[in-house]
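Survey of secondary and tertiary structure
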Amino acid sequence: MKKTILCFVLMTLLSAGAAVAQTKVVAHRGYWKTEGVKGPDDATVSSQNSINSQNGAAQIGAYGSEFDIWSTTDGELFVNHDGVLNGVTIQTSKAADVKNLKLPDGEYISTLDQYLKNFTKHPNLEVVLEVKEHKNKLQEDAAVKKAIKLVNKYGLSKRTTWITFSLNAMLDMLKWLPQGTPIYYLDGELSPKTLKKIGAAGLDYQLKVMKKHPEWFKAAHDLGLKVNVWTVNKKEDMQWCIDNGADFITTNEPVTCLQLVKAN
């Protein structure tokens, strides 16, 4: 009887601990709003999706640094949010036409290989890799497969969260990645119940979607799924996400969000 009561108390405590798990902060496209902060290489301004912004995310103690990848026609993967950089469309160009493009801070655009190699310098920084939706499905499939190989090459598989707007890419990831690899869907139209059936680790939805469906926080958690909300830049919205039990907040203001999480 005493053992039964002890087990029940232990389970209750564990459940309570899980329920109040601290929200984690993901730096959206790295930490690039760095004015007034002495950053890596003494830079005070860095570009989104630059290696400098990844270094900055590690420096401020963010849980993860999110970034985006595109494939060229000859299969090289580059890190950039927009599909077009300096007038060059990455997914319809060759690597030779992309590799010398510069970001606004003067840094050259990174290949995924370079970007992941730099993550090995930051062992406490989660890799949050978004595969952009390509017009060519075969090109997108090849991009996912190559990204998986590069993640494995640098021993980052246990530190990588995969996200995408492309349902096709997500379904392919579920086939090609080891079971249990965290894969999140971004588009916002699928319910937690549907994502659970598909095999996703959780939902990674825009703030306006979660404001429309606040019940999805509990629904997701009841199903064992996690919730990330993006891109949350206002303090009151950050607090709303924290109050609703968001597991992750992706933000352009990671320092503010880290301070708020700590205060809670």
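Residues numbered from 1 in each chain as written. Predicted model: local features only at pLDDT ≥ 70, side-chain atom pairs only at ≥ 80, totals over all residues. Heavy atoms only, no water.

Description of the overall build of the protein chain
When you go through the protein chain residue by residue, the secondary structure sums to 11 helices and 12 strands. Burial statistics for the protein chain: of 264 residues in total, 49% are counted as buried. Pairs at least 24 residues apart make up 55% of the contacts formed inside the protein chain by residues separated by at least 6 positions. For the protein chain, the accessible surface area stands at approximately 13,500 Å², while carbon and sulfur atoms represent 55% of it. (Helix = DSSP H or I, 4+ residues; strand = E, 2+ residues; numbered from the N terminus. Buried < 20%, exposed > 50% of the residue type's maximum accessible area, 1.4 Å probe, protein only. Contact = heavy atoms within 4.5 Å. Areas by Shrake-Rupley, 256 points an atom, 1.4 Å probe, with all protein chains shown as cover.)

Quick notes on the environment of Ile90
Structurally, Ile90 is set in the loop between β5 (88-89) and α3 (95-98). With relative accessibility at 0%, the residue Ile90 sits in the buried group. It is 5.5 Å that separates the C-alpha atoms of Ile90 and Thr72, two residues lying 18 residues apart in sequence. Once residues within four sequence positions are removed from consideration, Ile90 is found in contact with Trp70, Ser71, Thr72, Asn80, Asp82, Gly83, Val98 and Ile109.

Here's the deal with helix α5 (residues 137-153)
Over its 17 residues, α5 runs 24 Å from end to end, which matches the ideal 24 Å to within 8%, given 1.5 Å per residue. Turning to α5, the residues buried within the fold contact β2 (64-71), β3 (77-79), α4 (112-119), β7 (126-131), β8 (160-164) and α6 (167-176). Backbone nitrogen of Leu138 and a side-chain oxygen of the N-cap are separated by 2.9 Å at the start of α5; the cap is Asn136. (Expected span 1.5 Å × (residues − 1). Polar contact = N/O pair within 3.5 Å; in protein donor to acceptor, adjacent residues only side chain to side chain.)

A few points about unusual backbone geometry
Here the phi dihedral of Asn49 falls at roughly 65°; this positive angle occurs in a residue that is not glycine. Structurally, the position occupied by Asn49 is in the loop between β1 (24-27) and α2 (51-60). What makes Asn49 buried here is its relative accessible area of 0%. At Asn86, a position not held by glycine, the phi torsion is positive, near 55°.

Focus on the pairing of β1
Within a regular strand, the side chains alternate between the two sheet faces. Sheet topology places β1 next to strand β12 (residues 248-251); 4 bridges connect them, and they run parallel. Across the sheet, Val26 pairs through a bridge with Thr250, a residue of β12. Note: β1 against β2, 2 bridges, orientation parallel. Along β2, the bridge assignment pairs Ala27 with Ser65. (Pairing = 2+ DSSP bridges.)

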